[in-house]
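So you can see what is in the structure, the chains are spelled out below.
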Amino acid sequence: MNTPTHVMLNALALSRGRWRSHWLAICAGALVPDLSMVFLYAYERMVLGTPERVIWRTRYFDADWQLVVNLFNSFPLIGLGAAIAWRLRSTAWLVFFTSMALHCLTDLLVHREDAHAHFFPLSSWRFISPVSYWDPRHYGWLVGPLELLLIVGGAVVLFRSEIPAWRRIARGVLVVSLVFVLFAMTMWAF
Ligand SMILES: [Zn+2]
């Protein structure tokens, strides 16, 4: 799933009741699993100069990439973090790890060959979903527009929030999504 969609989905799902004011923990938890990939991508692209297609077709699947990505997408490690947060009675950290877990759960449903080993380090097993968020041969043609719909619909909901931070986040997600779409169109059109 695309990163802005994770932020919007987690915001809608978790910003309720007493967790409503924890916008920083919710957003951070939604972002962190993908930040490992953003870091690796930036390193490949800017430092090593690896072409776009080589990054996603070859480098993504290399063991060193997978280790870093799996560390930040691991249910056992997130569970451990959540247990410690609960024990220490830290609501912010509990919200953060719950948001991370929701990110991984939604990724699990829409990843195929690019699936993460979500049970690392206990198991390297990967769930190969019949649905891919990007591959048109596996409902990617449907998931993409649904993600956009969720972002636009979610922004409308967040714009009505009485917490100013959520209104700013809704604006930010909309802007980033627009840049994402334009970037994807130029990168994959050729
Ligand atoms: Zn992800």
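Above this text you will find the structure in question.
In every chain, residue numbers begin from 1 and rise along the written sequence. Only residues with pLDDT of at least 70 are given local features in this predicted model, and only at 80 or more are side-chain atom pairs given and counted; all residues enter the totals for whole chains, interfaces and linings. Excluded from the side-chain calculation are hydrogens and water; included are all heavy atoms of the structure.

## Let's talk about the layout of surface pockets
- Cavity means a closed set of points on a 1 Å grid over the protein atoms alone, one where a 1.4 Å probe fits but cannot get out, pocket means an open set with protein on both sides within 12 Å along at least 5 of 7 lines, and lining means a residue has an atom within 4 Å of a point. Grid points are joined across faces, edges and corners, and a volume is the space filled by probe spheres set on the points. Taken as a whole, the largest pocket holds about 1,500 Å³ of empty space.
- As for the largest pocket, its lining consists of 41 residues, and the residues nearest its centre are Asn2, Tyr133, Trp134, Phe180 and Trp188.
- In this text, helices come from DSSP runs of H or I with a minimum length of four residues, and strands from runs of E with a minimum of two, each type numbered from the N-terminal end. Counting residues per element, the ones that place at least two in the lining of the largest pocket are helix H1 (3–14), helix H2 (23–48), helix H3 (52–57), helix H7 (140–159) and helix H8 (164–188).
- Considering every element that reaches the lining of the largest pocket, the biggest residue donor is H8, with ten residues.
- Space inside the second largest pocket adds up to approximately 170 Å³.
- Together, Thr3, Pro4, Val7, Leu31, Leu35, Val38, Ile169, Gly172, Val173, Val176 and Phe180 line the second largest pocket.
- Contributing elements (two or more residues each) for the lining of the second largest pocket: H1, H2 and H8.
- A per-element tally of the lining of the second largest pocket places H8 first, with five residues.
- Under the scheme applied here, ten amino acids are nonpolar (Ala, Val, Leu, Ile, Met, Phe, Trp, Tyr, Cys and Pro), four are charged (Asp, Glu, Lys and Arg), and all others, including Gly, are polar. Looking at the lining of the second largest pocket residue by residue, the class counts come to nine nonpolar, two polar and no charged.

## Here's the deal with the side chain of Gln66
- Within the secondary structure, Gln66 sits in helix H4 (residues 63–71).
- Contact criterion: two residues are considered in contact whenever any of their non-hydrogen atoms come within 4.5 Å of each other. Residue contacts for Gln66: discarding those within four places in its chain leaves Tyr60, Phe61 and Ala115.

## Notes on the coordination of the zinc ion
- Those donors, Asp34 (OD), His103 (NE2) and Asp107 (OD), are the protein atoms that reach the zinc ion, and they lie 2.0 to 2.3 Å from it.
- Each metal's donors comprise the N, O and S atoms found within 2.8 Å of it (within 3.2 Å for Na, K or Ca). Water is not part of the atom list, so some coordination spheres may appear incomplete. Sequence spacing of the donors to the zinc ion: D-x68-H-x3-D. Taken together, the residues span about one helical turn, with His103 and Asp107 both in helix H6 (residues 91–109) at a distance of four residues.

## Observations regarding the packing of H7 against H8
- In this analysis an axis means a line fitted to C-alpha atoms, helices contributing only their contacting stretch, and an angle means the value between N-to-C directions, from 0 to 180 degrees. The geometry of H7 relative to H8 is characterised by a closest axis approach of 8 Å and an angle of 160° between their N-to-C directions. One element, H7, and the other, H8, form an angle in the roughly antiparallel class. Between H7 and H8 lies a crossing of left-handed hand. Between H7 and H8, the contacting residues are Leu148, Ile151, Val152, Ala155, Leu158 and Phe159 on the first element and Trp166, Arg167, Ala170, Arg171, Val173, Leu174, Ser177 and Val181 on the second.
- Taken together, the residues that form the contact of H7 with H8 break down as eleven nonpolar, one polar and two charged. Orientation is classified from the angle alone, with under 35 degrees giving roughly parallel, over 145 giving roughly antiparallel, 65 to 115 giving roughly perpendicular, and any other angle giving oblique. A crossing counts as left-handed when the near helix is turned anticlockwise from the far one by less than a right angle, and as right-handed when that turn is clockwise.

## Here we look at the packing of H2 against H6
- The geometry of H2 relative to H6 is characterised by a closest axis approach of 7 Å and an angle of 45° between their N-to-C directions. In terms of orientation, H2 lies oblique with respect to H6. The handedness of the crossing between H2 and H6 is right-handed. Contacts between H2 and H6 pair Ala25, Ile26, Ala28, Gly29, Ala30, Val32, Pro33 and Asp34 from the former with Ala92, Val95, Phe96, Ser99, Met100, His103 and Asp107 from the latter.
- Counted by class, the contact of H2 with H6 contains ten nonpolar, three polar and two charged residues.

## Points about the environment of Gly154
- Structurally, Gly154 is set in helix H7.
- Spatially, the C-alpha atoms of Gly154 and Leu94 are 23 Å apart, while their sequence positions differ by 60 residues.
- With residues up to four places along the chain from it excluded, the contact list for Gly154 reads Met8 and Leu12.

## Notes on the nonpolar core
- To define a nonpolar core, start from buried Ala, Val, Leu, Ile, Met, Phe, Trp, Tyr and Cys residues and group those joined through side-chain atoms within 4.5 Å. We call a residue buried when its accessible area falls under 20% of the maximum for its residue type, exposed when it is over 50%, and partly exposed in between, using a 1.4 Å probe and counting protein chains only. Counting 29 residues, the largest nonpolar core has Phe97 and Trp166 as its most contacted members.
- A per-element tally of this core places H6 first, with seven residues.
- Setting aside chain neighbours within four positions, we find Phe97 in contact with Ile78, Gly81, Ala82 and Ala85.
- Counting residues in hydrophobic clusters, the runner-up holds seven residues, among them Leu40, Ile55, Tyr60 and Trp65.

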